[in-house]
Amino acid sequence: MQVSNKLKKISLKILGCIAILLTTMSFKHPIKLTASLIEYNADAKTIKMECKVFIDDFEKSINKTLAKNINVSNLSKEDKVGIEDYFEKYYNITVNGKKLTLNYKASEVMKEYNVLTIKFSENSLAIKKGDKILIENTLFFEEFGYMQSNRITIRIPPHITEDNREATLNNYSISLNI
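Every chain begins its residue count from 1, and numbering advances along the sequence as written. With pLDDT at 70 or above as the cut-off, local features in this predicted model cover only qualifying residues; side-chain atom pairs require 80 or more to be listed or tallied, and sums for whole chains, interfaces and linings still use all residues. Where side-chain values are given, they derive from all heavy atoms of the structure, hydrogens and water being excluded.

**Student:** Outline the pattern of salt bridges, listing residues and values.
**Tutor:** Between Lys or Arg on one side and Asp or Glu on the other, a salt bridge is scored when a side-chain nitrogen of the former is within 4 Å of a carboxyl oxygen of the latter. Per the counting criterion, the structure on display carries 8 salt bridges. Between Glu166 and Arg151 there is a salt bridge whose closest N-O contact spans 3.9 Å. Here Glu166, found in strand E10 (residues 160-167), pairs with Arg151, found in strand E9 (residues 148-156); they are 15 residues apart in sequence, far enough to count as distant. Whether a residue is buried, partly exposed or exposed follows from its accessible area with a 1.4 Å probe, protein chains only, as a fraction of its type maximum: under 20%, in between, or over 50%, in that order. Look at Glu166 and you get partly exposed, because its relative accessible area is 39%. With a relative accessible area of 44%, Arg151 lands in the partly exposed category. Residues joined in a network through salt bridges with shared partners are Glu39, Arg155 and Glu162. Helix numbering and strand numbering both begin at the N terminus, where a helix is a DSSP run of H or I of at least 4 residues and a strand a DSSP run of E of at least 2.

**Student:** Tell me about a positive patch on the surface, and name the residues and values.
**Tutor:** Think of a patch as exposed residues, more than 30% relative accessible area, with no salt bridge, where like charges cluster within 9 Å and nonpolar side chains (Val, Leu, Ile, Met, Phe, Trp, Tyr) cluster within 5 Å. The protein chains shown are the only cover counted for residues, whose accessible areas, like all others here, come from Shrake-Rupley with a 1.4 Å probe. The charge count treats Lys and Arg as positive and Asp and Glu as negative. His and the chain ends do not count. Note that the charge is assigned to NZ on lysines, CZ on arginines, CG on aspartates and CD on glutamates. A surface patch of positive charge is lined by Lys48, Lys52, Lys105 and Lys119. Positionally, Lys52 belongs in strand E2 (residues 46-54). On the accessibility criterion, Lys52 (34% relative accessible area) is partly exposed.

If you want it as structure tokens, here you go:
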């Protein structure tokens, strides 16, 4: 009896170690997060967006839609178009029912932190009191489900100095009434 119980305990410990190993192998980092900034320039009457993503999460997600694997350190013209198409599908900003176009402008790779910052061109737009803004951010929910969280900082002076929101799998829409 004692030998059998010892074997069960050892087997359970081995299974636990295998489960931990498989979990750490499938996720290079435990945090599943994006951080984006939507910023309005009242003087220029333009709005822009930039988004920070973990490189490995982004590659895993976008590579499913591209003809070849993306190289974030050396983006081709096709990669940039692929990024625009990807964000058109998973990140929408509408003002009074009009969808903003997210055109790739530039990106910055921070390999040591596994972070990619993607910047989009400014859109000409006059925002005024009474306008309705809808932001829908579903980045990486298909891959990571409930583990994914998308943080959004919104700056629309003089109406909104700074508002920090979170898009989740169950609540990925943010409505603002200016």
